[in-house]
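Here are the chains, one letter per residue:
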Amino acid sequence: MSVQWIPELELGNSLIDTQHRMLLLLCRKLDIAIKAGHTGQTVQRIILELKKFTEFHFISEQNLMHEIGYPQVSEHTQIHNSLLIELQVELSKIRHHGESPEELLNRVYAWFNDHVVHEDLKIAEFFRNSPNRPIGEDLYAQFLGSPSSGAGD
Ligand SMILES: [Fe+2]
Ligand SMILES: [Fe+2]
């Protein structure tokens, strides 16, 4: 498996796109560590980094949904929570039963690709047309580099 950023994953919201890129970067980092033969604590620390950033991203995305009045916040949040539970189970299998981290990486990467293009895309579409703008949207261009589409310009 090769972890790649593909144009289909770009949603047009700089905050979310930046975080998605960061998630893929961490998947890639884990992939590199596994392929380089790292095991034990080294790999577990990277998995923790990935898991914590995933939690952070989900909270950020859920805040965005609330701020723009996205109608399916609770359904989307449930999907996020299911992945976090699954990640916790996979992580404890690695910690306590010596399972290979490759399975966790494959699962997260496949989940991520599917979730972004099917579920997160719906938020991005709603975001473009919503009269309710996210708090601090004008900071995106200043802090995140590229301006987001539909940013009230
Ligand atoms: Fe999401
Ligand atoms: Fe997301």
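Look up a bit, the structure's there.
It should be emphasised that the depicted structure is a prediction, and the values quoted were computed from it without experimental measurement.

**Q** Quick question: what am I supposed to make of the overall build of the chain here?
**A** Helix and strand counts for the chain come out as five helices and zero strands. Going residue by residue from the N terminus, the α and β elements of the chain occur as α-α-α-α-α. Computed over its C-alpha atoms, the radius of gyration of the chain comes to 16 Å, within 12% of the 15 Å expected for a compact globule of 153 residues. C-alpha extents for the chain along the principal axes are approximately 50 × 30 × 25 Å. Counting all 153 residues of the chain, 21% fall into the buried class. Considering only contacts within the chain whose residues lie at least 6 apart along the sequence, 68% involve residues at least 24 apart.

**Q** Can you walk me through the nonpolar core in this structure?
**A** Side chains of a nonpolar character, in soluble globular proteins, are inclined to be buried together. Counting residues in each nonpolar core, the largest one holds 14 residues, and the members touching the most others are Cys27, Leu30, Ile47, Leu50, Leu105 and Val108. The greatest single-element share of this core, amounting to six residues, is contributed by helix α4 (residues 102-129). When sequence neighbours within four positions are dropped, the list of residues in contact with valine 108 reads Cys27 and Leu50.

**Q** Which parts of the structure should I look at to understand the environment of arginine 133?
**A** Turning to its location among the elements, arginine 133 is positioned in the loop between α4 and α5 (139-144). Separated by 10 residues in the primary sequence, arginine 133 and phenylalanine 143 place their C-alpha atoms 17 Å from one another.

**Q** Is there a simple way to explain α4 in this structure?
**A** Owing to its 3.6 residues per turn, the α-helix brings residues three or four apart onto one side. In a regular helix each residue adds 1.5 Å, so 28 residues correspond to 40 Å; α4 covers 40 Å between its end C-alpha atoms and thus fits that length. Its axis deflected by about 45° at valine 116, α4 carries its strongest bend there. Taken as a whole, α4 has its buried residues at Leu104, Leu105, Val108, Tyr109, Phe112, Val116, Ile123 and Phe127.

**Q** Which parts of the structure should I look at to understand helix α2 (residues 40-68)?
**A** For α2, which comprises 29 residues, the first-to-last C-alpha distance of 42 Å matches the rise-based estimate of 42 Å (1.5 Å per residue) to within 8%. Buried residues along α2 sit against α1 (14-35), α3 (73-97) and α4. Looking one or two residues beyond α2, the residue adopting positive phi is glycine 69, at roughly 75°.

The rules behind these values
Residues numbered from 1 in each chain as written. Chains lettered and ligands numbered in written order. Predicted model: local features only at pLDDT ≥ 70, side-chain atom pairs only at ≥ 80, totals over all residues. Helix = DSSP H or I, 4+ residues; strand = E, 2+ residues; numbered from the N terminus. Rg over C-alpha atoms; globule rule 2.2 N^0.38 Å. Buried ≥ 20, exposed ≤ 12 C-beta atoms within 10 Å, placed from the backbone. Contact = placed C-beta atoms within 7 Å. Core = buried A, V, L, I, M, F, W, Y, C linked by C-beta atoms within 7 Å. Expected span 1.5 Å × (residues − 1). Bend = angle between axes of the 7 residues up to and from the residue.

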